[in-house]
Amino acid sequence: MTYKKSLAVPFIIWILAGTIIPIGAIAYYGLTDRNENFTLENVLAIGDSVHLQALWLSVLLALISTVICFLIAYPLAIIMRNSNLGKRGFMIFLFILPMWMNFLLRTMAWQVLLEKNGVINGVLETIGLPALEIINTPAAVVLGMVYDFLPFMILPIYNVMSKIDDSVIEAAYDLGASTSKVITKIYLPLSIPGIVSGINMVFIPSLTTFVISNMLGGGKINLIGNIIEQEFTVSSNWNLGSGLSLVMMLFIIVSMIFLERFDKTGEDSFI
Amino acid sequence: MKKYLKFIYIGIVVLFLYLPIIALVVLSFNESKSMSVFSGFSLKWYEEMFSNRMIMQAVINTFTIAITASVTATIIGTFAAVGIDGMKTKQQNLILGFNNIPLLNADIVTGIALLLTFLMFGISLNWGTVYLAHVTFCIPYVILSVRPRVNKSVNTLYEAALDLGASRFYAFVKIVLPELRPGILAGLLLSFTMSVDDFVITHFTRGAGINTISTLIYSQVKVGIRPSLFALSTIIFALVLVMLLLVNFLSKGRKESVIY
């Protein structure tokens, strides 16, 4: 005797109306023109130099932020793993707390810090140093991405690290391995599932963002997310916006498949 | 020596994470509007914030949407987690695959997809569409938290109750629900925070004039940041801090922590 399947009916209806139909809607708008005739124009529009440039910049900035996040998070995860339980809890708390603050407020905070007359320049001026001018540059956007998504890299890596058996590491040291050897031969291979989900959770939001580039790029940095958002809110060209979204979805799927191949034990990844 | 290095490293990362927040908190008490000079302590931005009807309305909207959407998602998701368990493995995998789509998809795509659907069916954008959109992206989190709790021992207890003559409803309420409670609570909490924190999906599905805290900040930042937003940030940060401490404190006694 098992549970009644009918308990899941509201959920199935919701999936149909909230996930399947909407994705169908994007595909429909993306593959038709204003007169509802089939066309591939909206998808192929990614080849326009403006769109291609935006896509390229998005991929580039997302890659840079993902690498920086990884470089910051990895040593941190090892340190956390090797500290005692009480400290671990406190450190997780410290790294989670900013994540629970509103995403827009966190990004706004960087705008306040980096602004021409902002906090950092105010401090630099009082101690007589030249002003920092990175607001409205790609560097500011990368900074914002790293800040907003860093916890998403720390947590999954730490999660996998904390499950590595102490005796494996002790054994390596006992057999004469150096610390760098332990990191490359033990920690790294055993933490790949965490790294993979960390990369996914930083790369995809960075690739698709329009908020960070808008707030810290001052409207001068156009990522593919900005282009799509503008098609919907400013130009009202839903067909083109949907077509470009289809391309973006393709990118997401490809990056996931690519990462999945590295992750044979994907079962205990973060999501 | 090595210990110091570790300490310094953690210190730098923590500073990086908290410096922006500290800056907002300090500036919220600044007497002048300047973002670089602290000219004196003042609470006037808090006054301005509380008397600003737009900010207050956005706060109310944010919480009414978050509460209603997370409760709805929790109810639907909990029943679904149990119902899915009664299905064949193939059906389960199919449904869970669809459940993962909103989790893995980019927010901007989810937002646009929902926007197009509402417009296709002639539903005008308002508070309700934001609510529906939020329920949609919250349900997967509930299922993710509740499903691991629907395990063999719960099922055996449920069957035992039925064998002993309990009705399905009675056994569900008395046996299954209490066993699932930690998962349900985690799902509720997770949905609530996701809803409060969401900007992108709200941005696309809200009607004109409906603002949540996130969308309000986004539109304000474009015209120029006012220090009343710093006051709002400070209050939100304080609330989050208290809430997390409370949750941590309450879950200390039990093995499983609710957050994360």
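Reading the values: rules and limits
Residues numbered from 1 in each chain as written. Chains lettered and ligands numbered in written order. Predicted model: local features only at pLDDT ≥ 70, side-chain atom pairs only at ≥ 80, totals over all residues. Heavy atoms only, no water. Contact = heavy atoms within 4.5 Å. Buried area = accessible area lost by both parts, 1.4 Å probe. Salt bridge = Lys/Arg side-chain N within 4 Å of Asp/Glu carboxyl O. Polar contact = N/O pair within 3.5 Å; in protein donor to acceptor, adjacent residues only side chain to side chain. Helix = DSSP H or I, 4+ residues; strand = E, 2+ residues; numbered from the N terminus. Patch = residues over 30% accessible without salt bridge, like charges linked within 9 Å, V, L, I, M, F, W, Y side chains within 5 Å. Areas by Shrake-Rupley, 256 points an atom, 1.4 Å probe, with all protein chains shown as cover. Expected span 1.5 Å × (residues − 1). Buried < 20%, exposed > 50% of the residue type's maximum accessible area, 1.4 Å probe, protein only. Arc of directions from axis to C-beta. pLDDT = per-residue confidence, 0-100. Domains from an automatic or database assignment. Nonpolar A, V, L, I, M, F, W, Y, C, P; charged D, E, K, R; others polar.

1. Digging into the interface of chain B and chain A
Logical step 1: Contacts between chain B and chain A engage 87 residues on the former and 81 residues on the latter.
Logical step 2: Overall, the association of chain B and chain A removes approximately 7,700 Å² of surface from exposure, summing both partners, and the carbon and sulfur fraction of that is 81%.
Logical step 3: Applying the counting criterion to the chain B and chain A interface returns 0 salt bridges.
Logical step 4: Put simply, chain B and chain A have 8 residue pairs in polar contact (both at pLDDT 80 or more) between them.
Logical step 5: For the side of chain B that touches chain A, the element with the highest residue contribution is helix α1 (residues 2-28) of chain B, accounting for 14 residues.

2. Some details on a nonpolar patch on the surface
Logical step 1: On the surface, A:Leu16, A:Ile20, A:Ile21, A:Tyr28, B:Met120, B:Phe121 and B:Ile123 cluster together into a nonpolar patch covering about 600 Å² of accessible area.
Logical step 2: Secondary-structure assignment places A:Tyr28 in helix α1 (residues 9-30).

3. Overview of helix α7 (residues 152-163) of chain B
Residue and element names in this part refer to chain B.
Logical step 1: Across its 12 residues, α7 extends 16 Å between first and last C-alpha, which sits within 8% of the 16 Å expected from 1.5 Å per residue.
Logical step 2: Among the residues of α7, Val154, Asn155, Tyr158, Ala161 and Leu162 are the ones counted as buried. In a view along the axis of α7, the buried residues occupy a sector of 120°, so they form one face of it. In this structure, α7 carries Lys152 and Asp163 as exposed residues pointing more than 90 degrees from its buried face.
Logical step 3: In this structure, the buried residues of α7 make contact with α3 (53-85) and α8 (168-197).

4. Examining the pattern of salt bridges
Logical step 1: Counted by the stated rule, this structure contains 3 salt bridges over all chains.
Logical step 2: Here A:Arg106 makes a salt bridge to A:Asp148, at a shortest N to O gap of 3.9 Å. In this pair, A:Arg106 sits in helix α5 (residues 103-114) while A:Asp148 sits in helix α7 (residues 138-161), placing the two residues 42 residues apart along the sequence.
Logical step 3: Among the residues examined, A:Arg106 registers a relative accessible area of 4% and is labelled buried.
Logical step 4: For B:Arg226, the salt bridge goes to B:Glu48, with nearest N and O atoms at 2.8 Å. With B:Arg226 in the loop between α10 (213-223) and α11 (227-251) and B:Glu48 in helix α2 (residues 44-51), this pair connects stretches of sequence that are 178 residues apart.
Logical step 5: The exposure class of B:Glu48 is partly exposed, given its relative accessible area of 22%.

5. Thoughts on the confidence of the model for chain A
Logical step 1: Of the residues in chain A, 96% have a pLDDT of 70 or more, and the chain-wide mean is 89.
Logical step 2: When mean pLDDT is compared element by element in chain A, helix α3 (residues 49-81) of chain A scores highest at 95, while helix α4 (residues 85-96) of chain A scores lowest at 85.

6. Comments concerning the domain arrangement of chain B
Residues and elements named next belong to chain B.
Logical step 1: As assigned here, chain B comprises domain 1 (1-42) and domain 2 (56-234).
Logical step 2: Taken residue by residue, the interface counts 6 residues in domain 1 and 6 residues in domain 2.
Logical step 3: At the boundary of domain 1 with domain 2, total buried surface from both sides reaches about 610 Å², with 77% on carbon and sulfur atoms.
Logical step 4: A per-residue breakdown of the area domain 1 buries against domain 2 is headed by Leu24, Ser28 and Lys33, which together make up 62% of the total.
Logical step 5: One can count 0 salt bridges joining domain 1 with domain 2.
Logical step 6: Where domain 1 packs against domain 2, one counts 1 residue pair in polar contact (both at pLDDT 80 or more).
Logical step 7: Its residues assigned to classes, the side of domain 1 that touches domain 2 shows 4 nonpolar, 1 polar and 1 charged.

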